Structure formats: structure tokens, C-alpha cells
Amino acid sequence: MPVVLHPARASVLREPLGVALVIAPWNYPVHLLLLPMAAAIAAGNAVIGKPSEIAAATSHALARLVHDYMDPEAVGIAEGGVPETRELLGQPFDHIFHTGNGRVGRIVMEAAAKHLTP
């Protein structure tokens, strides 16, 4: 810890919430999907990632790689467009992480509010 922060203390608490949904945008499709997914997995959550359909080749590659190298009971990738995303948002998740524009953010917020999901 830097000297300027002393005598402060920091700690990381592993508090799993359950099942998390990560919705990523098209413009950093790997980073903005995998980083929040890794954090959720590290906290002990199961995760479903939803890459943007606009970056279709990246979405297909991520779906294949996650399926091949991760436990399918705990981690998955849901591919598709708006109808698939709306279907996902209709499900009760324990946490939703969205990066993207405000219009989609309002749709995500409305869906999350129906299940009181942070």
C-alpha cells in the first residue's frame, strides 16, 4: 500500500451473490466481457456473458473458448441479438453488469428493477 494511504487498510471480501449476467458492448468486446466475468467468477458466482451481436466473430470465438475451457455448470456465453437479450433480462439474476449506451442501460435497469436486481 502506498505511504500516502497509511494508516488505512484494505481488504477483499469474497461474497458470492449467485448468478451474474454480464452484457458487453461491441467496442471492446473481449475486455468489457471477460474482465467483469473474471471478477464475478473470482467472487464465487456463476456467470452468463452476453457479447454484442455486432461483433459476431468475437462473440462466436468467445462462446467456443468459454465452452472449451470453462466449467459449463458455472460459466456460459449467450449469443444472439435483441430478442435473446430481452429473454435473458426476463430471467431473475442476482447481479447484472452492463456496459453500453444509455438507451440500452434504461432497458437493463427496467428489467433488473422487476426482480430487484442490482
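The coordinates are above.
Below, the structure is looked at part by part. Just so we're clear, the structure is a prediction, and the values are computed from it rather than from any experiment.

## Focus on the layout of surface pockets
In this structure, the largest pocket spans a volume of roughly 440 Å³. Taken together, 22 residues form the lining of the largest pocket, with E53, V82, H98, R103 and V104 sitting closest to its centre. For the lining of the largest pocket, the secondary structure elements donating two or more residues are α3 (82-89) and α4 (102-114). Its residues assigned to classes, the lining of the largest pocket shows 11 nonpolar, seven polar and four charged. Space inside the second largest pocket adds up to approximately 160 Å³. Only α3 and α4 provide two or more residues apiece to the lining of the second largest pocket. Counting residues per element, the lining of the second largest pocket draws most heavily on α4, which supplies four residues.

## Re the pairing of strand β2 (residues 46-50)
It is a general feature of regular strands that their side chains alternate between the two faces of the sheet. Here strand β1 (residues 19-23) runs beside β2; their pairing, made up of five bridges, is parallel. From the neighbouring strand, V22 faces β2, where its bridge partner is G49. The β-α-β motif built from β1, the intervening helix α1 (residues 31-42) and the parallel element β2 has right-handed crossover chirality. Sheet topology places β2 next to strand β3 (residues 75-77); three bridges connect them, and they run parallel. The residue bridging V47 from the neighbouring strand is V75, located in β3. Running through helix α2 (residues 56-69), the crossover from β2 to the neighbouring parallel element β3 is right-handed.

## Section: the sheet that holds β3
Taken together, four strands build an open sheet; the order of strands is β3-β2-β1-β4 and the sheet is parallel. Because the sheet does not close on itself, it has two edges, and the strands there are β3 and β4 (95-98). If you compare each strand with its neighbour and ignore which way they point, the axes differ by 15° on average. Of the strands in this sheet, β1, β2, β3 and β4 are in contact with α1, which crosses β2 at around 170°.

About the thresholds
- Residues numbered from 1 in each chain as written.
- Predicted model: local features only at pLDDT ≥ 70, side-chain atom pairs only at ≥ 80, totals over all residues.
- Heavy atoms only, no water.
- 1 Å grid on protein atoms, 1.4 Å probe; cavity = no way out; pocket = protein on both sides within 12 Å on 5 of 7 lines; lining within 4 Å.
- Points joined across faces, edges and corners; volume = space filled by probe spheres on them.
- Helix = DSSP H or I, 4+ residues; strand = E, 2+ residues; numbered from the N terminus.
- Nonpolar A, V, L, I, M, F, W, Y, C, P; charged D, E, K, R; others polar.
- Pairing = 2+ DSSP bridges.
- Right-handed = clockwise from strand over helix to strand, strands pointing away.
- Axes fitted to C-alpha atoms, helices over the stretch in contact; angles between N-to-C directions.
- Contact = heavy atoms within 4.5 Å.

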